Structures are given as C-alpha cells and as structure tokens.
Amino acid sequence: GAVVSQHPSWVICKSGTSVKIECRSLDFQATTMFWYRQFPKQSLMLMATSNEGSKATYEQGVEKDKFLINHASLTLSTLTVTSAHPEDSSFYICSGSPFGGDTEAFFGQGTRLTVV
Amino acid sequence: QQQVKQSPQSLIVQKGGISIINCAYENTAFDYFPWYQQFPGKGPALLIAIRPDVSEKKEGRFTISFNKSAKQFSLHIMDSQPGDSATYFCAASMVNTDKLIFGTGTRLQVFP
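Quick look at the structure, then. (Residues numbered from 1 in each chain as written. Chains lettered and ligands numbered in written order. Predicted model: local features only at pLDDT ≥ 70, side-chain atom pairs only at ≥ 80, totals over all residues. Heavy atoms only, no water.)

## Points about the state of the cysteines
(1) Moving on: This structure, assessed with the given rule, holds two disulfides over all chains.
(2) Moving on: Disulfide pairing places A:Cys23 opposite A:Cys94 at an S-S distance of 2.0 Å. The disulfide joining A:Cys23 to A:Cys94 has a torsion of about 85° about its S-S bond and is therefore right-handed. A residue pair is termed long-range when its members are at least 10 positions apart, and A:Cys23 in strand β3 (residues 19–25) and A:Cys94 in strand β9 (residues 90–96) qualify at 71 residues. Neither residue differs from the other here; A:Cys23 and A:Cys94 are each classed as buried.
(3) Moving on: One disulfide bridge connects B:Cys23 with B:Cys90, the sulfur atoms lying 1.9 Å from each other. Its S-S torsion of about -95° marks the bond between B:Cys23 and B:Cys90 as left-handed, since a negative value means left-handed. Of this pair, B:Cys23 sits in strand β3 (residues 19–25) while B:Cys90 sits in strand β9 (residues 86–94), and the two are 67 residues apart along the sequence. Side by side, B:Cys23 and B:Cys90 carry an identical accessibility label, which is buried.
(4) Moving on: No disulfide involves A:Cys13; its sulfur sits 18 Å from the nearest other cysteine sulfur, which is in A:Cys94. (Disulfide = S-S within 2.5 Å. Helix = DSSP H or I, 4+ residues; strand = E, 2+ residues; numbered from the N terminus. Buried < 20%, exposed > 50% of the residue type's maximum accessible area, 1.4 Å probe, protein only.)

Have a look at this one:
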C-alpha cells in the first residue's frame with residue numbers, strides 16, 4: 001500500500017511555543033490530505049482538510065488561527081500548532097489517498113504532542 | 001446524520017473465538033465503509049472495506065457483513081488471535097469525497 005510518513009513521532013514543547021508537524025506522501029501525490037486529532041481511548045476527530053495550493057477547510061469548532069495548515073506541494077502538508085497550551089496535548093494523525101474519491105485512505109504513524 | 005455509531009466499546013474474546021463489532025449509520029449518501037485497526041501509539045491501518053452493492057466481503061479471517069436496508073455493517077474476526085488485540089474503528093464516507101467519518105472505536109482483547 002501507499003506510504004504516508006509523519007514527523008516527528010513525538011514532541012514535547014513549552015506552553016506558548018509553536019510546533020510544526022509534517023506529513024509526507026512518499027510514493028503518491030495527494031491533492032487532498034486530512035488532519036485528525038485523537039485523545040486517549042477516543043476516536044479520530046477530523047480537524048481539517050488540507051488542499052494543495054489553496055486554503056485548508058476546517059471543521060466546525062477548530063480554531064484555524066491556532067492550527068495552521070499548509071499544503072505547499074502534492075506530497076507535503078504541515079500542521080503548525082501555534083501558541084500551544086497543555087490542552088493541545090494530543091495525538092495528531094494525517095492521511096491521504098492516492099486515488100481520491102471514496103477510496104482507501106493511508107494514515108501516517110501519528111505525532112504525540114505534549115505541551116508542558 | 002453524519003454520525004457512525006459503533007458497539008461494543010470493548011470486547012474480550014478467547015483465542016480461536018469470533019469477534020463481532022457492529023456499526024450503524026443514518027446518512028444514505030455514505031457509499032464506502034472501511035474498517036481500520038489501530039495499535040497503541042500508531043496510526044490506523046485499513047483492514048477491509050465494502051461498498052453498498054454487496055452484502056458481504058471476506059478477506060482471510062476478516063469479514064464485513066453489510067445490511068443496506070438496516071443501515072448497519074459489522075466486522076467479524078474469525079479464529080481471533082492475541083495479535084488481533086487492538087482498537088478497531090468503522091468509518092464511512094460519501095460519494096466523491098475522501099472525508100471519513102469514524103465510529104467511536106472498539107477495544108478488542110484476545111486472551112490465550
């Protein structure tokens with residue numbers, strides 16, 4: 001299957017700082033990628049849809065100024081958590097599909113963010 | 001209407017037994033129903049998926065049963081193994097979109 005690589009796997013940052021998470025599709029091009037957030041023992045919550053070359057589409061209740069998404073190329077999307085606070089600590093996961101439409105989505109390995 | 005309801009929340013099965021997880025949806029525009037397996041600290045991985053034009057799909061020990069009229073689908077894991085212990089998520093997406101709506105997840109534990 002297709003490979004989505006996410007970096008870093010884990011990060012610890014101080015309150016008030018910003019953290020960037022990268023999501024790369026290694027063997028396919030993705031015009032659309034998705035960013036999810038997952039709290040312990042809970043489901044994946046879609047945060048935003050990242051569109052190559054255009055603005056991301058955020059789900060209701062997600063602060064677009066706090067979670068900045070950039071999709072500069074067909075193989076790279078980034079999520080920047082700005083002015084992080086302890087409540088932003090979570091597991092962030094990206095996904096992409098090589099075929100588009102309602103077909104198999106491939107997920108990155110996730111990034112564990114801890115804000116202290 | 002966008003929700004996918006999943007049950008049970010947790011499941012304990014003995015090795016060799018059958019694990020059954022159920023999901024239900026409301027939105028008839030959903031037309032793709034995948035199941036994902038997730039191990040702790042990892043991203044989800046696709047197990048098996050089905051579309052509404054078939055009632056059952058089998059891949060190895062994993063089978064999806066789909067009931068379009070009842071708007072329900074289920075995952076059956078035959079001959080469950082300790083290595084199957086993980087969290088399982090059902091999901092659904094609509095025509096011409098990659099956007100997945102996930103169920104709440106089922107934590108499966110298979111004991112030897």
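## A short note on the nonpolar core
(1) Moving on: Counting 26 residues, the largest nonpolar core has A:Phe67 and A:Leu113 as its most contacted members.
(2) Moving on: Of all the elements in the fold, those that place two or more residues in this core are β2 (10–13), β3, β4 (32–38), β5 (44–51), β7 (67–73), β8 (76–81), β9 and β11 (111–115) of chain A.
(3) Moving on: Once residues within four sequence positions are removed from consideration, A:Leu113 is found in contact with A:Val11, A:Cys13, A:Val19, A:Val81, A:Asp88, A:Ser89, A:Ser90 and A:Tyr92.
(4) Moving on: B:Val4, B:Leu47, B:Ile50 and B:Ile77 belong to the second-largest nonpolar core, a separate cluster that totals 25 residues. (Core = buried A, V, L, I, M, F, W, Y, C linked by side-chain atoms within 4.5 Å. Contact = heavy atoms within 4.5 Å.)

## What about the interface of chain A and chain B?
(1) Moving on: With 21 residues of chain A at the contact, the number on the chain B side is 22 residues.
(2) Moving on: Taken together, the two surfaces of chain A and chain B that pack against each other cover about 1600 Å², and 54% of this comes from carbon and sulfur.
(3) Moving on: Along the contact surface separating chain A from chain B lie one salt bridge.
(4) Moving on: Across the chain A-chain B interface, the total number found is five residue pairs in polar contact (both at pLDDT 80 or more).
(5) Moving on: Counting residues per element, the ones that place at least two in the side of chain A that touches chain B are β4, β5 and β9 of chain A.
(6) Moving on: With four residues, the top contributor of residues to the side of chain A that touches chain B is β4(A).
(7) Moving on: Its residues assigned to classes, the side of chain A that touches chain B comprises eight nonpolar, ten polar and three charged. (Buried area = accessible area lost by both parts, 1.4 Å probe. Salt bridge = Lys/Arg side-chain N within 4 Å of Asp/Glu carboxyl O. Polar contact = N/O pair within 3.5 Å; in protein donor to acceptor, adjacent residues only side chain to side chain. Nonpolar A, V, L, I, M, F, W, Y, C, P; charged D, E, K, R; others polar.)

## Comments concerning unusual backbone geometry
(1) Moving on: For the bond from A:His7 to A:Pro8, the omega torsion is 5°, close enough to zero to count as cis.
(2) Moving on: Its location among the elements puts A:Pro8 in the loop between β1 (4–7) and β2.
(3) Moving on: Along the chain, B:Ser7 connects to B:Pro8 via a cis peptide bond; the corresponding omega equals -5°.
(4) Moving on: Checked against the element boundaries, B:Pro8 lands in the loop between β1 (4–7) and β2 (10–14).
(5) Moving on: You will see that A:Lys41, though not glycine, has its phi angle at about 60°, which is positive.
(6) Moving on: Tracing the backbone through its elements, the reader meets A:Lys41 in the loop between β4 and β5.
(7) Moving on: By relative accessible area, A:Lys41 is classed as exposed at 80%.
(8) Moving on: Backbone geometry places B:Lys71, a non-glycine residue, at a positive phi of 55°.
(9) Moving on: You can see B:Lys71 is positioned in the loop between β7 (62–67) and β8 (72–77).
(10) Moving on: Judged by its relative accessible area of 22%, B:Lys71 falls in the partly exposed class.

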